[in-house]
Amino acid sequence: MRVALSKATFEAEITSRFGAPFNRQKAPAEIMATGIATVDSVIAGLPRGAITEIFGAPSSGRTSFMLSLLAHAAAHKEVCALIDTSDVFDPTSATELQLDLDQLLWVRCAANVEHAFKATDLLLQGGGFGLVLLDLGDVAGKDARRIISSWWYRFRRTVEKTPTVLVVIAADSCVRSCASLALELSRETDDWSSAAGMTLPPVAGLPTHANLLSAVKVQLHRHRPLHAGTRSAHFNAVSHA
Amino acid sequence: MFSCIYCPELSVAVSLADFGYSFSPLVEEATPECVVLDVAGCELRFGSAYKLANEISHYAMLPKAEGGLGQRINVSLAGNPDSAILAARFLKGITFIEPGEELTALGDLPIEKLLSPSPKSKVQSSRSGMTKSILKPPNSRLNRETLDLGPWTLDEKQALEILETLRLWGVRTFRDFVRLPTTGVAERLGQEGVKLQQLAAGKTERHLQLKQPAPIFDNQIELDYPLAELEPLSFIFARLLNQLCANLLAYALATNELRVRLKLEDGTTHERTLSLPAPLRDHKIFLKLLLLDTEAHPPPRAVVGVAIACEPVKPRVLQSGLFIPQAPEAAKLELTLARLVKLVGSKNVGSPAVVDTHRPDTFQLKRFVVSGDRKTRKRGRETRGRGDAGTRGYGEGETRGYGEAGTRGSGDAEILRQGDAASPPDRVSPSPHPPLSASPHLPLCASPYLRLGFRMFRPPLRAMVDASRGYPQQISAWGPNRSVYGKVVRLAGPWRKTGDWWRDDSWARDEWDIAIEQSGAAVSERVTVAQVLYRIYRELRSGAWFVEGSYD
């Protein structure tokens, strides 16, 4: 009578005799730190040669996260590009982070999503950028849903053999399976110090908007191949204004 | 064999080197009045070297219209260039010096002639642009620093000493000098003395420093018929750029500026200049850039002539570090930028720069350039945030009252006085936070917290605000791409901000931070109800409300 061996049994038998031929560890993916210690402690950084999606509702800390990412990358001499679909980037608030604006290529697309995607494609094809940010944060849901998946597959294919980190910022998850890492941001609390008409304890010497994003929750939805499952981290966004 | 042509009274308009090219392609231009030709192998054409010398002398006598010089010249033939030069300069007519017979021809020349500067010292190098000093004869009590004697340069002071020593020794001619034992000369005059002795004996050996024709970096073509479309014009561009890049490659040069002149059908000229951030010499890149630029700025009429010139510069040499992240290649980046400009317009691509003003949303876009040497990149740029306003608001009259943020009414008036330009600077309330640039101990981006991000609405959304109780309660703003509406659930403010009061376009406004509870499509699919934080302001002049942007 023939005994049918399952694949697991067969592998276990081979492993016991010849070592671990089936447990080959993949080389660790190259990563780029976000510059936020609490987030880096959970996800280790953003994977290079892959798409990272950061999404969340308005006022959830996406722009603060993006600025931190830009400042950290520029400080490490990475050449950065920002495709600003809705033309909302504020250089003045970026300088508060000592972001070296000379390292940043800013492409303003005047709310034209098609131009934003073509510009992203041109930058990825040109190569050499360490960080490419596609900001779709203010794109309406109906427009975001019209984005055809082939764009994301094309981007994933273009960046996969490069050291470029492609980050997509959106209100909702739109990259879907093409994203190696998906982070959802949400605002947990806010601190309205010295608010007019409100009964909140004032923070000495700080204007109200200093602590508007006092606790931002980052939830990890998809992370491959390093981790799986859902993890979360918190960070604070404070203004010097 | 080498032939030297010396014409002391040459007019400025005539090039002796061009005359020399009639006989040999290998010409050294010692001075404009003295050239040396390598005539080895010319016997095949002229019969013999002696016939060649006669031919040179004969043609020189011809008028200029017939290719001559219209003057008498000295011509010499010798086995080495330096003997030929000495013979042509100091012996009139045609002089033939057989190899080994140099001393016979030059031996009776006075020793001062040996130390008279070589005409080569007057050479002005056309390639390097450096001019050596024009030297006077040694008898004029040398007021110069060096003597250029053939293949080597002799220090002026040393030359005077040697000449004085030779006079003391009773040396009067070349022959007297050559008769001296070489060992003794080396012991007493050093290596310079030995070399001078070899020069006097006609035993020097060197290669000619050939004159190179001036490179041409301006190619043009006249068309047989006018071209109105870009595609046929691209072939003309490609041809001219190929020639241009071949010239650049031949001289190991590159260019960072292309000048295109298109001669139009109506006789006018359409000129474009392409400035490149780094020197390049890739004709494919040039062609793509040129086509993109011509497509963006087409000539108004058909083209009948094309000329492309470039500014030759030294190519860029980069030593990239092992641990420095890669940057875009200059050529690829330039092409990408050109394509981006074509896609979104030149005013929408670049590197942002903060302007030195407190006027909200004021910035400029610079050309994006990746510097080759990043170490020289300016770090720690001037940071100007809203927190700096108190410390530098005196000159510009900008106000930002942090301590009085919660007080309205009379508090606003006090804030305005603090930032008034009429108040002295020491009365301006200091900012609660120093500017980041003023805190050198703060490591770059090592802060454990983030800065608050702000998304600027361009242009600001005009809003209808219900402020019947003195503060915003309800807001409604609609724009082409976004809308803000709802009941204000939380707010703070106002903060009065003014600036540029001395100009016609002065501005003054009250700012509020508000939270609006939005739901549905205005937020996202996942979040049904969320508080969205906005900054709104009321213009004091017009009383109109605007939504400036959102905190994110």
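Okay, so let's go over this structure. As the structure is a computational prediction, the values presented were derived from the model and not from experiment. (Residues numbered from 1 in each chain as written. Chains lettered and ligands numbered in written order. Predicted model: local features only at pLDDT ≥ 70, side-chain atom pairs only at ≥ 80, totals over all residues.)

**Overview of the overall build of chain A**
To keep it simple, the criterion reads: Working definition: helices are DSSP H or I runs of at least four residues, strands are E runs of at least two. Numbering for both runs from the N terminus. Three classes are used. A residue is buried when 20 or more other C-beta atoms lie within 10 Å of its own, exposed when 12 or fewer do, and partly exposed in between, with C-beta atoms placed from the backbone. Contact between two residues is assigned whenever their backbone-derived C-beta positions fall within 7 Å.
For chain A, the helix and strand inventory stands at seven helices and 10 strands. With 241 residues in all, chain A has 56% of them scored as buried. Pairs at least 24 residues apart make up 72% of the contacts formed inside chain A by residues separated by at least 6 positions.

**Topic: helix α1 (residues 7–18) of chain A**
Applied cut-off: Here the expected length of a helix is defined as 1.5 Å per residue gap, with one fewer gap than residues.
End to end, α1 of chain A covers 16 Å across 12 residues, agreeing with the expected 16 Å (1.5 Å per residue, within 8%). Of all 12 residues making up α1 of chain A, only zero are buried, and the element is barely covered by its neighbours.

**Considerations on the sheet that holds strand β11 (residues 303–313) of chain B**
Residue and element names in this part refer to chain B. Selection rule: Here the rule is simple: two strands pair whenever DSSP picks up at least two bridges between them. Every angle, taken between N-to-C directions, lies between 0 and 180 degrees, and every axis is a line fitted to C-alpha atoms, over only the stretch in contact when it is a helix.
The strand order across the open sheet formed by four strands is β8-β11-β9-β10, and the pairing between neighbours is antiparallel. Because the sheet does not close on itself, it has two edges, and the strands there are β8 (218–227) and β10 (269–280). Adjacent strand axes in the sheet meet at a mean angle of 15° when their direction is disregarded. Sheet analysis places β8 next to β11, joined by six bridges and oriented antiparallel. Following the sheet pairing, Leu 227 is matched in β11 by Val 303. Taken strand by strand, helix α10 (residues 230–250) contacts β8, β9 (254–264) and β11, and its axis lies near 25° from that of β11. Along the sheet, helix α11 (residues 283–296) makes contact with β9 and β10, crossing β10 at roughly 140°.

**With respect to unusual backbone geometry**
Residue and element names in this part refer to chain B. Across the junction of Arg 458 and Pro 459, the peptide omega takes the value -5°, indicating a cis bond. Here Pro 459 lies in strand β14 (residues 454–466). One non-glycine residue, Ala 252, lies in positive phi territory at about 55°. Tracing the chain through its elements places Ala 252 in the loop between α10 and β9. A positive phi angle is found at Asp 500, which is not glycine, with a value near 55°. Turning to its location among the elements, Asp 500 is positioned in the loop between β16 (483–499) and β17 (507–519). Since 16 C-beta atoms lie within 10 Å of it, Asp 500 is described here as partly exposed.

What is shown is where atoms sit, not what they do.
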